[in-house]
Amino acid sequence: MSYLPDKNRYQEMQYRRCGNSGIQLSAISLGLWHNFGHVDVLENCRAILKLAFDSGITHFDLANNYGPPPGSAEENFGKILKEDFAAHRDEMIISSKAGYTMWDGPYGDWGSKKYLVASLDQSLKRMGLEYVDIFYHHRPDPATPLEETMHALDLIVKQGKALYAGISNYPAADASKAIGILKKLGTPCLIHQPKYSMFVRWVEEGLLDVLEQEGVGCIPFSPLAQGLLTNKYLHGIPADSRAANPNGFLKEADINETRVNQIRQLNEIALQRNQTLAQMALAWLLKDKRVTSVLIGASKPAQLADSLLCLDNIIFSEAELNAIEEILK
Ligand SMILES: NC(=O)c1ccc[n+]([C@@H]2O[C@H](COP(=O)([O-])OP(=O)(O)OC[C@H]3O[C@@H](n4cnc5c(N)ncnc54)[C@H](OP(=O)(O)O)[C@@H]3O)[C@@H](O)[C@H]2O)c1
């Protein structure tokens, strides 16, 4: 039977305006970095995507290199899109990126116009799309003039291959320059995608201010620190966790005694708030209005269901915030 999405899907989700743009994003977005490659089970991917869409998630984040193997997350997403979501394309914001190694030779990496334009063409083919909603430059390139990379984003938008341009992993000063160049070109930067969680807080030292001043949205990635900010590593490393997965980016060494102590204490505060640690970690980011959406991952539908409930309480008392700061010191 063909998939019929939940009729009430837009009722529980919150939508937040992305900077000064016309676009609103679901407060929770789903990323396909892990768990959606050819090494993964397609029916699990489909179940996660259906639950996301049924829950009002409108934003799905990909990149050329997601897999493994690289490109396979876009292929799987394209297949599921065609089979289940074809009637709903216009309800979705689909993003892709280029900036990390994708193919051999000097044109398959970093930030040249050659790489970005060719890579997006490949991504569109893999996903079976005419355009993506957002196309990002994935990381700053110290060797390519910033003007060239921003010209590539502008060209891609003007060609209609992407509706909006974004940047990812750009430090505050570079972000400010990139945003200025895009503005002059008439293709405003929609959004910045930085790594941000209770455990990784560099964005608080300037970047969030730049984005607020410029009216650019912010979508933190790895808001659960790849699963560290959940209750799963309290008693060792579960066999089905990212830290135990040979394809995973989280390493066993990341789960050290100091971290586990912090996680244990944070978990206590979460329990007092009637939340799981995952819910509290996401709520803690969403308490800041400059954060448009949190970009989560999930290896199982049940995790997504758990994380979605963060929206029930994104308000923190002064005492809770202070207690969290003490733990994170
Ligand atoms: N722009 C960039 O450079 C960049 C870089 C990285 C990521 N991203 C984007 O950000 C997205 C999210 O990154 P991420 O996957 O690292 O995010 P994350 O939300 O910090 O971590 C997701 C992982 O945590 C575990 N998890 C999630 N919810 C859970 C819950 N409720 N309870 C227990 N465990 C839970 C799962 O891992 P296990 O079950 O496998 O342990 C899941 O795969 C990516 O898919 C990608 O779209 C962008």
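Quick caveat: nothing in here was measured; it's all calculated off a predicted structure. The written sequence of each chain sets the order in which its residues are numbered from 1. Two thresholds apply to this predicted model, a pLDDT of at least 70 for residue-level local features and 80 or more for giving and counting side-chain atom pairs, whereas whole-chain, interface and lining totals are computed over all residues.

**Focus on the overall build of the protein chain**
In step 1: Starting at the N terminus, helices and strands are each numbered in turn, a helix being any DSSP run of H or I of at least four residues and a strand any DSSP run of E of at least two. Each helix and strand in the protein chain was counted, giving 11 helices and 10 strands.
In step 2: Once the C-alpha set of the protein chain is aligned to its principal axes, its extents read approximately 50 × 50 × 40 Å.
In step 3: Sorting the 329 residues of the protein chain into buried and exposed places 44% on the buried side.
In step 4: Placing C-beta atoms from the backbone, we regard two residues as in contact once those atoms come within 7 Å. A separation of at least 24 residues holds for 76% of the contacts in the protein chain among residues at least 6 apart in sequence. Counting other C-beta atoms within 10 Å of its own, a residue is labelled buried from 20 upward, exposed at 12 or fewer, and partly exposed in the gap between, with every C-beta atom placed from the backbone.

**Topic: the site of the ligand**
In step 1: Residues are counted as near a molecule or strand when the C-beta atom, derived from backbone positions, lies within 6 Å of that molecule or strand. As a matter of local geometry, the ligand sits amid 30 residues, with G31, W33, F221, G227 and G297 nearest to it.
In step 2: Counting residues per element, the shell around the ligand draws most heavily on helix α10 (residues 301–308), at three residues.
In step 3: Lys, Arg, Asp and Glu make up the charged group, whereas Ala, Val, Leu, Ile, Met, Phe, Trp, Tyr, Cys and Pro make up the nonpolar group; the residues left over, Gly among them, are polar. Of the residues assigned to the shell around the ligand, the class counts are 10 nonpolar, 16 polar and four charged.

**Some words on the pairing of strand β5 (residues 93–98)**
Every regular strand shows the same layout, with side chains that alternate between the two sheet faces.
In step 1: Taken across its six residues, β5 has six buried, putting it largely inside the fold.
In step 2: Alternating positions in β5 separate into two faces, I93, S95 and K97 on one and I94, S96 and A98 on the other, with burial throughout.
In step 3: Strand pairing is defined by DSSP finding a minimum of two bridges between the two strands. Relative to β5, strand β4 (residues 59–61) runs parallel, the two being bridged by three bridges. Residue pairing in the sheet places H59 in a bridge with I93 of β5.
In step 4: Read from β4 through helix α3 (residues 72–85) to β5, the crossover connection turns out right-handed.
In step 5: For β5 and strand β6 (residues 132–137), the ladder comprises four bridges, and the chain directions are parallel. A crossover gets the label right-handed when its path from the first strand over the helix to the second runs clockwise, viewed with the strands pointing away from the viewer.

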